[in-house]
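# Structural overview for review
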Amino acid sequence: MDVFNEFFNKNTMYFDAFDKMVEAVYICDIDGNLVYFNKVAERLDGYLLKDVKGQSTYDLYGLDERNSPMLKALATERPVHNEEFSYYVNGKENVQLCNAGPIYNDGKLVGAYTVQRDLTVLKDMVERNIALQNELIQQKNRAVSETSPSETFDHLIGESDAFQKCKELALRVAKTNSSVMLVGSTGSGKEVFARAIHDHSNRVKGPFLALNCAAIPESLIEGILFGTTKGVYTGAVEKEGLLAQADGGTVFLDEVNSMPLASQAKLLRVLEERKIMKLGSKKEMDIDVRIISSTNEIPRDAIDNGHLREDLFYRLSVVQISIPPLEDRKEDIPLLVQHFIAKYNERFHKNVLGVDHEVLDYFMKFPWPGNVRQLKACVESAMNFAADGSLITFHDLPQYVFESSLSPEDRYRQRLQMTNQKSTMYASPKKDSSKEESVMDSIWNDEREEIIQALRRSKGNMTKAAQSLGISRQLLFYRCKKYRIK
């Protein structure tokens, strides 16, 4: 204690800084007695430093080197990085993400520290979300049971060869109980496929529960999957896990390559034995659950990078379906656009007829890094602005669609299109080529005229004209040269 008193007196500025941090900071001596914690820790635990200073961590929190990152760092004399753990204090559970390490004075071990970020609110939110998801899905399951199973595959929109092969394979595998792994980039529709497989299976009347493994902290995921028993740690309650809740149905593990490897090992045992054991329990219970998983990495890359256990991969990917990105099935874009327009017409009580042919042409050239999810969001945004009885034009589209992949020159051109373009309605899919050329001529003429007007307003000052147009001076020079404006 004397060592720390001397250190505190010499370094008061550091401890003033600790009190301004958003993380909780704790320091213990060589015997594991608390010698300091900051204001955040006081609010978190309900203790005042002056009241508990010098007391043991075990007496205050029931923690030792087995379950406290700080005491683990003290015992091993090694730092602990990003470890999540739970403890109970004053009748409340605190879930923490910790970084801890030993403290030395003149080369001699004198104590340890931990810096902790509170995850309690996140844990509560995750559990409420799962409970709500379970309730909503049960309602949806009741509705689905009244629907023809073949109709559920109608939500898989696309006629490209690659997509049709995925759809046919999903339809076949739906009739079995084999594990399915869906491989595809983010937004490509993996959960839609998972839901369609469940809805077309003999488990359709059972639950369908989804868990995004990338969104759940490591310390929570096993309790969420397997459940907890009362007393497994102080304050723990009896709770069913996701696998037990989905008994007789399907669990969709999204981004399973983000699940901690230790949890993957336990999941492998569940898949092999079809039994689960709650945390803190010695009693196994049988479950009947089909696992559909997904990964946004190529499986071999995920294995080589240490993100996915190879033995678990073989167990999860009895059937593997690789869903192509939208970039590789652009012929499906018109179908998807019409599907989303119909969807939002019904939801928004509108009557938007479709998209302008210039917009559709742009959609066909756009790379869609966010895949179908991004296209859907783009159409939804445009539907908020498009008028009844009209087509979606450039003016209706969200700005990010133009800015995400285009050069400054092209972004400027598209901005002018949105500002000046009159809706170029078309009566039929086929158009006279001379009319298409006249539309483009009109766009380019509008662009030239706007530059001329900006230069007139600024009395020839290129800098001011560029600012009024929202482009760089260099780009304005380029455009003037291109349109021969002197």
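Residues numbered from 1 in each chain as written. Predicted model: local features only at pLDDT ≥ 70, side-chain atom pairs only at ≥ 80, totals over all residues. Heavy atoms only, no water.

## Details of the overall build of the protein
When helices and strands are tallied, the protein shows 23 helices and 16 strands. Here the protein, with 486 residues, has 48% of them falling under the buried criterion. Of all intrachain contacts in the protein linking residues separated by at least 6 positions in sequence, the fraction that spans at least 24 positions is 66%. Put simply, the protein shows about 25000 Å² of open surface, and 50% of that area lies on carbon and sulfur atoms. (Helix = DSSP H or I, 4+ residues; strand = E, 2+ residues; numbered from the N terminus. Buried < 20%, exposed > 50% of the residue type's maximum accessible area, 1.4 Å probe, protein only. Contact = heavy atoms within 4.5 Å. Areas by Shrake-Rupley, 256 points an atom, 1.4 Å probe, with all protein chains shown as cover.)

## Quick word on the nonpolar core
Ranked by internal contacts, the top residues of the largest apolar core, which has 35 residues, are Leu225, Leu243 and Leu253. Within the residue set of this core, elements represented by two or more residues are strand 6 (180-183), strand 7 (208-212), helix 11 (218-226), helix 12 (242-245), strand 10 (250-254), helix 13 (261-273), helix 14 (299-304) and helix 15 (310-316). Ranked by the residues each element gives to this core, the list is headed by helix 11, at five residues. When sequence neighbours within four positions are dropped, the list of residues in contact with Leu253 reads Leu211, Cys213, Leu225, Met259, Leu267, Ile291, Ile292, Ser293 and Ser294. Of all hydrophobic cores here, the second largest spans 32 residues; its members include Phe8, Tyr36, Met70 and Val89. (Core = buried A, V, L, I, M, F, W, Y, C linked by side-chain atoms within 4.5 Å.)

## As for the pattern of salt bridges
Under the criterion given, the structure shown has 18 salt bridges. Among the ionic pairs, Lys39 bridges to Glu42, the shortest N-O distance being 3.9 Å. Remark: Glu42 and Lys39 occur in helix 3 (residues 39-45); sequence separation between them is three residues, near one turn of the helix. Judged by relative accessible area, which is 15%, Glu42 ranks as buried. Here Arg269 and Glu284 are joined by a salt bridge, their closest N and O atoms 2.4 Å apart. One end of the pair, Arg269, is in helix 13; the other, Glu284, is in strand 12 (residues 284-286), with 15 residues separating them in the sequence. By relative accessible area, which is 35% here, Arg269 ends up partly exposed. A residue is classified by how much of its surface remains accessible, and Glu284, at 32% relative accessible area, is partly exposed. In this structure, a network of salt bridges that share partners links the residues Arg269, Glu273 and Glu284. (Salt bridge = Lys/Arg side-chain N within 4 Å of Asp/Glu carboxyl O.)

## Considerations on helix 13
For helix 13, with 13 residues, the first-to-last C-alpha span of 19 Å sits near the 18 Å given by 1.5 Å per residue. Buried within helix 13 are the following residues: Ser263, Gln264, Leu267, Leu268, Val270 and Leu271. Seen along its axis, helix 13 keeps its buried residues to an arc of 160 degrees; they face one direction. (Expected span 1.5 Å × (residues − 1). Arc of directions from axis to C-beta.)

## Side note on the sheet that holds strand 10
Across the sheet, five strands lie side by side as 7-10-13-6-14; this open sheet has parallel pairing. Each edge of the open sheet is held by one strand with a lone partner, namely strand 7 and strand 14 (319-322). Direction aside, neighbouring strands of the sheet carry axes that sit 15 degrees apart on average. Here strand 6 pairs with strand 14 via four bridges, running parallel. Bridge pairing in strand 14 places Leu182 opposite Ile321. Most of the contacts of helix 9 (residues 161-173) go to strand 14, to which it runs at about 155 degrees, and overall it touches strand 6, strand 13 (290-295) and strand 14. (Pairing = 2+ DSSP bridges. Axes fitted to C-alpha atoms, helices over the stretch in contact; angles between N-to-C directions.)

## Regarding the packing of helix 16 (residues 333-348) against helix 17 (residues 357-365)
Running from N to C, helix 16 and helix 17 point in directions that differ by 120 degrees, and their axes come no closer than 10 Å. By the angle between their axes, helix 16 is oblique relative to helix 17. As helix 16 packs across helix 17, the resulting crossing turns out to be right-handed. Judged by residue contacts, Ile333, Pro334 and Val337 of helix 16 engage Leu360, Phe363 and Met364 from helix 17. Its residues assigned to classes, the contact of helix 16 with helix 17 comprises six nonpolar, no polar and no charged. (Parallel < 35°, antiparallel > 145°, perpendicular 65-115°, else oblique. Left-handed = near helix turned anticlockwise from the far one by under 90°. Nonpolar A, V, L, I, M, F, W, Y, C, P; charged D, E, K, R; others polar.)

## Digging into the sheet that holds strand 1 (residues 24-29)
Think of a sheet as strands paired side by side through backbone hydrogen bonds, with each pair either parallel or antiparallel. Overall, antiparallel pairing links the five strands, which are arranged 2-1-5-4-3 in an open sheet. In this open sheet, the two edge strands, each paired with only one partner strand, are strand 2 (34-37) and strand 3 (80-89). Recorded for the sheet is a direction-independent mean angle of 30 degrees between the axes of neighbouring strands. Alignment of strand 1 against strand 5 (residues 108-118), held across six bridges, turns out to be antiparallel. Its bridge partner lying in strand 5, Tyr26 is registered against Thr114.

## Focus on the packing of aromatic side chains
Here the structure, examined in full by the defined rule, presents 13 aromatic pairs. Ring centres of Tyr26 and Tyr61 lie 6.5 Å apart, and the angle between their planes is 85 degrees; this geometry places the pair in the edge-to-face category. In this pair, Tyr26 is assigned in strand 1 and Tyr61 in helix 5 (residues 57-61), connecting sequence segments 35 residues apart. Both residues of the pair, Tyr26 and Tyr61, belong to the buried class. Taken together, a centroid distance of 5.3 Å and an interplanar angle of 70 degrees make the contact between Phe363 and Trp368 edge-to-face. Classification of Trp368 as buried rests on a relative accessible area of 1%. Among the aromatic residues, those joined into a cluster by ring pairs are Tyr26, Phe37, Tyr47, Tyr61, Phe85 and Tyr87. A cation over a ring is seen here: Arg329 above Phe163, with NZ or CZ 3.9 Å from the ring centre. (Phe/Tyr/Trp six-rings, centres within 6.5 Å; stacked < 30°, edge-to-face > 60°. Lys NZ or Arg CZ within 6 Å of the ring centre and 35° of its normal.)

## Some details on the confidence of the model for the protein
Looking at the protein as a whole, its pLDDT mean stands at 82, while 79% of the residues score no less than 70. Mean pLDDT across the secondary structure elements of the protein bottoms out at helix 20 (residues 408-420), with 50, and peaks at strand 6, with 97. Across residues 418-440 the pLDDT falls below 50, and counting only partners more than four positions away or on other chains, this stretch makes 34 contacts in the model. (pLDDT = per-residue confidence, 0-100.)

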